[in-house]
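Single-letter residue listing:
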Amino acid sequence: MTDWEKQLGRRAQAVDRAKEALDADIAAARLDGASFRDIGRWAKVNHERARSIAIRINGDSRTRAEHDQRSEETTA
């Protein structure tokens, strides 16, 4: 394996890890109540992309407060 192969392979892995971390942060920001438009602007992605990431990671697009409210409604 050449030096370039090693270096580029490491860079590609770093990019993959950064993308995974960005997705996790997008999902966490949504849980904390941020709007998809704000998240998209902050992460430099389309707000619909932010929504799809949150759904993929969180299971749906609701915030933590919305989850809690729904739980209270079903137990009341």
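Structure: above.
Residues numbered from 1 in each chain as written. Predicted model: local features only at pLDDT ≥ 70, side-chain atom pairs only at ≥ 80, totals over all residues. Heavy atoms only, no water.

### Details of the overall build of the protein chain
The helix and strand inventory of the protein chain stands at four helices and zero strands. For the protein chain, the N- to C-terminal ordering of α and β elements is α-α-α-α. Taken over the C-alpha trace, the protein chain has a radius of gyration of 17 Å; the compact-globule value for 76 residues is 11 Å, which it surpasses by more than 25%. If one aligns the C-alpha atoms of the protein chain with their principal axes, the spans along those axes are about 65 × 25 × 15 Å. Burial analysis of the protein chain (76 residues in total) assigns 20% to the buried set. Sequence separation of at least 24 residues holds for 53% of the intrachain contacts in the protein chain that already meet a minimum separation of 6. Accessible area of the protein chain: about 5,800 Å², with a carbon and sulfur share of 51%. (Helix = DSSP H or I, 4+ residues; strand = E, 2+ residues; numbered from the N terminus. Rg over C-alpha atoms; globule rule 2.2 N^0.38 Å. Buried < 20%, exposed > 50% of the residue type's maximum accessible area, 1.4 Å probe, protein only. Contact = heavy atoms within 4.5 Å. Areas by Shrake-Rupley, 256 points an atom, 1.4 Å probe, with all protein chains shown as cover.)

### Examining the nonpolar core
Counting residues in hydrophobic clusters, the biggest one holds nine residues: Ile26, Ala29, Ala34, Phe36, Ile39, Ala43, Ala50, Ile53 and Ala54. Those residues in contact with Ile39 that sit more than four places away from it in its chain are Ile26, Ala29, Arg30, Ala34 and Ala50. (Core = buried A, V, L, I, M, F, W, Y, C linked by side-chain atoms within 4.5 Å.)

### A few points about unusual backbone geometry
Located in the positive-phi region is Lys44, a residue other than glycine, with phi close to 60°. You can see Lys44 is positioned in the loop between helix H2 (36-43) and helix H3 (47-58). For Lys44, a relative accessible area of 72% gives the class exposed.

### Considering the side chain of Thr63
With respect to the helices, strands and loops of the structure, Thr63 is situated in the loop between H3 and helix H4 (64-75). Residues within four places of Thr63 in sequence aside, it is in contact with Arg30, Leu31 and Gly33.

### Points about the pattern of salt bridges
Counted according to the given criterion, the structure contains six salt bridges. Here Asp38 and Arg41 are joined by a salt bridge, their closest N and O atoms 3.0 Å apart. With Asp38 and Arg41 both in helix H2 and three residues apart, this pair spans about one turn of that helix. Measuring nitrogen to oxygen at the nearest pair gives 2.9 Å for the salt bridge that ties Arg62 to Asp60. (Salt bridge = Lys/Arg side-chain N within 4 Å of Asp/Glu carboxyl O.)

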